[in-house]
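Observations on the three-dimensional arrangement
Now for the letters of each chain:
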Protein chains: 2
Amino acid sequence: MRPEIVLFGDSITEQSFRLGGWGAALADTYSRKADILNRGYGGYNTRWALFLLHHLFPLDAPTPPVAATIFFGANDAALLGRTSERQHVPLEEYKENLRRIIQYLKKSSPSMLLLLITPPPVDEAGRFEHARSMYGDKAMQLPERTNEVAGEYAKQCVELAGELGLPSINLWSKMQETEGWQRKFLSDGLHLTQEGNAIVYQEVVKVFNETRLCAQKMPSDVPHHSEIDGQNPEKAFKLQCPAI
Amino acid sequence: MRPEIVLFGDSITEQSFRLGGWGAALADTYSRKADILNRGYGGYNTRWALFLLHHLFPLDAPTPPVAATIFFGANDAALLGRTSERQHVPLEEYKENLRRIIQYLKKSSPSMLLLLITPPPVDEAGRFEHARSMYGDKAMQLPERTNEVAGEYAKQCVELAGELGLPSINLWSKMQETEGWQRKFLSDGLHLTQEGNAIVYQEVVKVFNETRLCAQKMPSDVPHHSEIDGQNPEKAFKLQCPAI
């Protein structure tokens, strides 16, 4: 009965309910208004995400989600010939995969509000340190992701949103506006710190606030306790909740 | 398709997706395994919660939740003749209301795993300070809740769980085992700090881990990215996700 907002993406979405995560913050903001469902899949690129669509968003769902964030690209942008090349998806295919995801979701529900989020910037020094801390001398000597390449994917994502008239968040640009973004927003050169999560949260809320999904304007599912008459509680519930 | 675990309760549940909240921590633990749905209603007592049952748990739901936490009592235990008396529910009625909630949920799904949680202890000094900070000299001079009375409600809750063979968490007792629980676990004498939330999270996980809802043993909804063959991704998805 409560509207659903789906967060569809890779590890940065999957981890969004950790301490200070943007998913948990959204769930709090939409408390008593909408359910925030985490459909984040660590390591996934857009090519693999396509396989999930029918499973996650069945075409015959009686009440499809009212909105979805689509947040891929960090893995697609992994470089060929480096340690994460398994996850690489060519730039053009990335854009086409995003387009297919959007087309599919619009088919499943034409009114579904879609919000594209670009991959965050990459801090190559931070990635390298992280790899050293994990694998010591066996760590890769060459970066598996670069900020420049991540930026190309971000550009495609924003361009596609523009072509299709959808809102987007250019996280790659946004984060780099702040001095020291490398350590302030990224924990291992790629994933988000609490402050990085806060940026995503703020940007998502900013977009949703301009739509019918503005949390403050959405109705609560049942009466606020202050509306309940202690002597005659039935009254407040009559319309929304047939009593047991 | 993903199993649902519902958190049904008052403000301590409603606020459980705030920073460090026990609901968000559960959502992270059950990431890719189960959805954690927040059905917390600030200010509600068990009497008012009864009105929500048909609304929140329709009897004809095709896939009812697999589990629910039932976490009421903090408002029921508000004292008569004091500032929160509107919310007061007599001790015997509290127990009977909990029983009705359980009977209803078991009727909606006989296999639903139910976990009762008692109200937390009350720090009367903390409540008073909080009231002073909110209302200044107009603050109540007499406590609207006492720890002793909260303890009586906790006892009824645990007793009922025992009668019905259900698991329960005696949060009232558990928190008081730690020296300085008043400030360590409670932010305003009643609601939970991050450390207080951590206690609830740990205790809920401890109970669920002894059941079929042990997160580590539950299957993920779709393949882990490491199981996907970059050259032949279809293979990993064949069983779970018919490709688009």
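As the structure is a computational prediction, the values presented were derived from the model and not from experiment.

**With respect to helix α2 (residues 22-29) of chain A**
- Along α2(A), the residues classified as buried are Trp22(A), Gly23(A), Ala24(A), Leu26(A) and Ala27(A).
- Contacts made by the buried residues of α2(A) are with β1 (4-9), α1 (11-14), β2 (35-40), β3 (67-71) and α9 (194-209) of chain A together with α2 (22-29) of chain B.

**Here we look at the pattern of salt bridges**
Residue and element names in this part refer to chain A.
- Scanning the model with the defined rule gives 40 salt bridges over all chains in all.
- Across the salt bridge formed by Arg183 and Glu129, the nearest N and O atoms sit 3.2 Å from each other. Highlighted residues: Arg183 in helix α8 (residues 181-184) and Glu129 in helix α5 (residues 124-135), separated in sequence by 54 residues.
- Residue classification places Glu129 among the partly exposed residues on the basis of a relative accessible area of 47%.
- Taken together, the shared-partner salt bridges in this structure form one network comprising Lys95, Glu96, Arg99, Lys155, Glu159 and Glu163.

**With respect to the interface of chain A and chain B**
- Each partner contributes residues to the interface: chain A has 49 residues there, and chain B has 49 residues.
- Overall, the association of chain A and chain B removes approximately 4500 Å² of surface from exposure, summing both partners, and the carbon and sulfur fraction of that is 60%.
- Arg39(A) is the partner of Asp35(B) in a salt bridge, and the nearest nitrogen-oxygen pair spans 2.7 Å.
- Linking chain A with chain B are 18 residue pairs in polar contact (both at pLDDT 80 or more), by the criterion used here.
- Going through the elements one at a time, α2, β2, α3 (46-56) and α10 (233-237) of chain A are the ones with two or more residues in the side of chain A that touches chain B.
- Counting residues per element, the side of chain A that touches chain B draws most heavily on α3(A), which supplies 9 residues.
- Its residues assigned to classes, the side of chain A that touches chain B shows 23 nonpolar, 14 polar and 12 charged.

**Digging into the layout of surface pockets**
- The volume enclosed by the largest pocket comes to roughly 1200 Å³.
- What lines the largest pocket is a set of 39 residues, among which Glu4(A), Thr63(A), Met1(B), Glu4(B) and Thr63(B) lie closest to the centre.
- For the lining of the largest pocket, the elements supplying multiple residues, two or more each, are β1 and β2 of chain A together with β1 (4-9) and β2 (35-40) of chain B.
- Tallied by class, the residues present in the lining of the largest pocket amount to 25 nonpolar, 4 polar and 10 charged.

**A word on the sheet that holds strand β5 (residues 168-169) of chain A**
Residue and element names in this part refer to chain A.
- Spatial ordering of the open sheet is given by β2-β1-β3-β4-β5, a layout of 5 strands whose pairing is parallel. The open sheet has two free edges, formed respectively by β2 and β5, since each of these has just one partner strand.
- Both strand β4 (residues 113-117) and β5 contribute to a ladder of 2 bridges, which runs parallel. The residue bridging Ile117 from the neighbouring strand is Ile169, located in β5.
- This element, helix α6 (residues 147-164), spans β4 and β5 of the sheet and lies at about 155 degrees to β4.

**A short note on empty space enclosed by the protein**
- Applying the stated criterion across every chain, the model contains 2 cavities of 30 Å³ or more.
- Along the wall of the largest cavity there are 21 residues; nearest its centre are Phe17(A), Ala27(A), Ile36(A), Phe17(B) and Ile36(B).
- Of the residues belonging to the lining of the largest cavity, the class tally is 12 nonpolar, 4 polar and 5 charged.
- A volume near 40 Å³ is recorded for the second largest cavity.
- Lining of the second largest cavity is provided by Arg39(A), His55(A), Leu56(A), Met1(B), Arg2(B) and Asp221(B).
- Its residues assigned to classes, the lining of the second largest cavity comprises 2 nonpolar, 1 polar and 3 charged.

**Looking at the packing of α3(A) against helix α4 (residues 91-108) of chain A**
Residue and element names in this part refer to chain A.
- The geometry of α3 relative to α4 is characterised by a closest axis approach of 9 Å and an angle of 15 degrees between their N-to-C directions. The angle between α3 and α4 places the two elements in the roughly parallel class. Along this stretch, α3 crosses α4, giving a crossing that reads as left-handed. Residue-level inspection shows Thr46, Arg47, Ala49, Leu50, Leu53 and His54 of α3 in contact with α4, the latter providing Glu93, Tyr94, Asn97, Leu98, Arg100, Ile101 and Tyr104.
- By residue class, the composition of the contact of α3 with α4 is 7 nonpolar, 3 polar and 3 charged.

**Focus on the environment of Gly189(B)**
- With respect to the helices and strands, Gly189(B) occurs in the loop between α8 (181-184) and α9 (194-209).
- Residues Gly189(B) and Ala125(B) lie 64 residues apart in sequence; the distance between their C-alpha atoms is 7.1 Å.

**Section: the packing of aromatic side chains**
- Scanning the entire structure with this criterion turns up 19 aromatic pairs over all chains.
- Between Tyr44(A) and Phe237(B), the ring centres sit 6.1 Å apart and the planes meet at 75 degrees, which makes this aromatic pair edge-to-face. Taken as a pair, Tyr44(A) in the loop between β2 and α3 and Phe237(B) in helix α10 (residues 233-237) lie in two separate chains rather than in one. Comparing Tyr44(A) with Phe237(B) shows no difference in burial state: the two are buried.
- Relative to Phe237(B), the ring of Phe51(A) lies with its centre 4.6 Å away and its plane at 5 degrees, an arrangement referred to as stacked. Pair noted here: Phe51(A) is in helix α3 and Phe237(B) is in helix α10, and the two residues belong to different chains.
- According to the relative accessible area criterion, Phe51(A) is buried, its value standing at 9%.

About the thresholds
Residues numbered from 1 in each chain as written. Chains lettered and ligands numbered in written order. Predicted model: local features only at pLDDT ≥ 70, side-chain atom pairs only at ≥ 80, totals over all residues. Heavy atoms only, no water. Buried < 20%, exposed > 50% of the residue type's maximum accessible area, 1.4 Å probe, protein only. Helix = DSSP H or I, 4+ residues; strand = E, 2+ residues; numbered from the N terminus. Contact = heavy atoms within 4.5 Å. Salt bridge = Lys/Arg side-chain N within 4 Å of Asp/Glu carboxyl O. Buried area = accessible area lost by both parts, 1.4 Å probe. Polar contact = N/O pair within 3.5 Å; in protein donor to acceptor, adjacent residues only side chain to side chain. Nonpolar A, V, L, I, M, F, W, Y, C, P; charged D, E, K, R; others polar. 1 Å grid on protein atoms, 1.4 Å probe; cavity = no way out; pocket = protein on both sides within 12 Å on 5 of 7 lines; lining within 4 Å. Points joined across faces, edges and corners; volume = space filled by probe spheres on them. Pairing = 2+ DSSP bridges. Axes fitted to C-alpha atoms, helices over the stretch in contact; angles between N-to-C directions. Parallel < 35°, antiparallel > 145°, perpendicular 65-115°, else oblique. Left-handed = near helix turned anticlockwise from the far one by under 90°. Phe/Tyr/Trp six-rings, centres within 6.5 Å; stacked < 30°, edge-to-face > 60°.

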